[in-house]
Amino acid sequence: MNAAVLFSGGKDSTMALYYALKMKEDVKYLLSMKSRNDESYMFHVPNIHVTDLLAEAVDIPLMSVETDGVKEEELKDLKQAFINLKDSGVECIYTGALYSQYQKSRIEKLGQEVGLEIVSPYWHVNELDYMREIVSLGFKIIISGVAAWGLDETWLGRLIDDDVIDELVELNEKYYVDIAFEGGEAETLAIDGPIFKKRLKILKDRKEWHRDSGVYIIEDAVLEEK
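Since the model is a prediction, treat every value here as computed from it, not as a measurement.

## Regarding the sheet that holds strand β3 (residues 62–67)
- Strand order in the open sheet made by the five strands is β3-β2-β1-β4-β5, with parallel pairing throughout. Edge positions in the sheet fall to β3 and β5 (117–119), since each has one partner strand and no second. Each strand axis lies, on average, 25° off the axis of its neighbour in the sheet, ignoring direction.
- Alignment of strand β2 (residues 26–35) against β3, held across six bridges, turns out to be parallel. The partner of Leu31 across the bridge, within β3, is Met63.

This is the structure we're talking about:
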């Protein structure tokens, strides 16, 4: 089928893209919703600007749509994007939804209204197995935001590997931190992986910390050959 992927550059949307390609879908577009509201209920915000480079890295055209990110109102922008994708020949949308019924139900409702199939391949996956799979496949995922007990400033910019996952298991036992960050504990960004033709090289970055949460911001980056 002609497909598009709702793509933020985070681990889950990157894995949705990986799955779509593995299923031999013809992925025509990546769709990135760029919210002006840092507190968007629907859309990933940290480093969303980097999706332009990531789309080039995986060699798939990017449809970039700006939204004010106002709760519920932002769905109108997403619906129009879905309409545009359907008009371009897209038949289904892949999403990285894991457990968020809020996001999944709204995306599926829009898909039904527009006439697009919605596919969430990792819905209700075992989160520990899922995180291990991401690492074992060779994806390079960094942490771009944290907002939970046990996740301090030192976590910002960290590359997720098996040791990090082990730490997350311990934090889950101690503070109930969700291993896959489905409670909003952290945000992530993919910088390389098996579906990447080029890797993201970060040239300039900074950390912003606000008492008990923070973000890792990429100010400048380029693509480099692998």
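## Structural notes on the nonpolar core
- With 54 residues, the main nonpolar core has Leu17, Leu30, Met131, Leu151 and Leu200 as its most contacted residues.
- Here this core takes five residues from helix α1 (residues 11–22), the largest share from any one element.
- Those residues in contact with Leu30 that sit more than four places away from it in its chain are Val5, Phe7, Leu17, Ala55, Val58, Ile60, Pro61, Leu62 and Met63.
- By size, the runner-up hydrophobic cluster in this structure holds 20 residues, among which are Leu75, Val90, Val114 and Ile118.

## Remarks on helix α5 (residues 127–136)
- Those residues of α5 not exposed but buried are Glu127, Tyr130, Met131 and Ile134. Taken down its axis, α5 places every buried residue within 95° of arc, on the same side. Those residues of α5 that are exposed and aimed more than 90 degrees away from the buried face are Asp129 and Ser136.
- Those residues of α5 hidden inside the fold are in contact with α1, β6 (140–146) and α6 (162–175).
- N-cap assignment for α5: the residue whose side-chain oxygen lies 3.2 Å from the backbone N of Leu128 is Asn126.
- Among the residues trailing α5, Gly138 stands out with phi positive, at a value near 100°.

## Considering the pairing of strand β9 (residues 213–225)
- Pairing of β6 with β9, which is carried by two bridges, proceeds in the antiparallel orientation. Bridge pairing in β9 places Val146 opposite Gly214.
- Note that strand β8 (residues 198–210) and β9 share 12 bridges and pair antiparallel. Residue Lys198 lies in a different strand from β9, and its bridge partner there is Glu225.
- A loop of two residues connects β8 with β9, the two strands running antiparallel in sequence, and Arg211 in this loop sits at a positive phi of about 65°.

About the thresholds
Each chain carries its own residue numbering, running from 1 in the written order of its sequence. Per-residue local features are limited, in this predicted model, to residues with pLDDT of at least 70; the limit for side-chain atom pairs, both in listing and counting, is 80 or more; totals at the level of whole chains, interfaces and linings are taken over all residues. The side-chain quantities take in all heavy atoms of the structure and omit both hydrogens and water. Pairing between strands is defined by DSSP: at least two bridges between them are needed. By definition, any uninterrupted DSSP run of H or I lasting at least four residues is a helix, any uninterrupted run of E lasting at least two residues is a strand, and each is numbered from the N terminus. Geometry is summarised by axes, namely lines fitted to C-alpha atoms with helices restricted to the contacting stretch, and by angles between N-to-C directions that run from 0 to 180 degrees. Only buried residues count toward a nonpolar core, which is a set of Ala, Val, Leu, Ile, Met, Phe, Trp, Tyr and Cys residues joined through side-chain atoms within 4.5 Å. The rule is simple: take the accessible area with a 1.4 Å probe, protein chains only, and divide by the maximum for that residue type; under 20% is buried, over 50% is exposed, in between is partly exposed. We call two residues in contact whenever any of their non-hydrogen atoms come within 4.5 Å of each other. Taken from the helix axis, the directions to the C-beta atoms give the arc we talk about. Under the rule applied, a polar contact is a pair of N or O atoms within 3.5 Å (in protein, one hydrogen donor and one hydrogen acceptor; residues adjacent in sequence only if both atoms are side-chain atoms).

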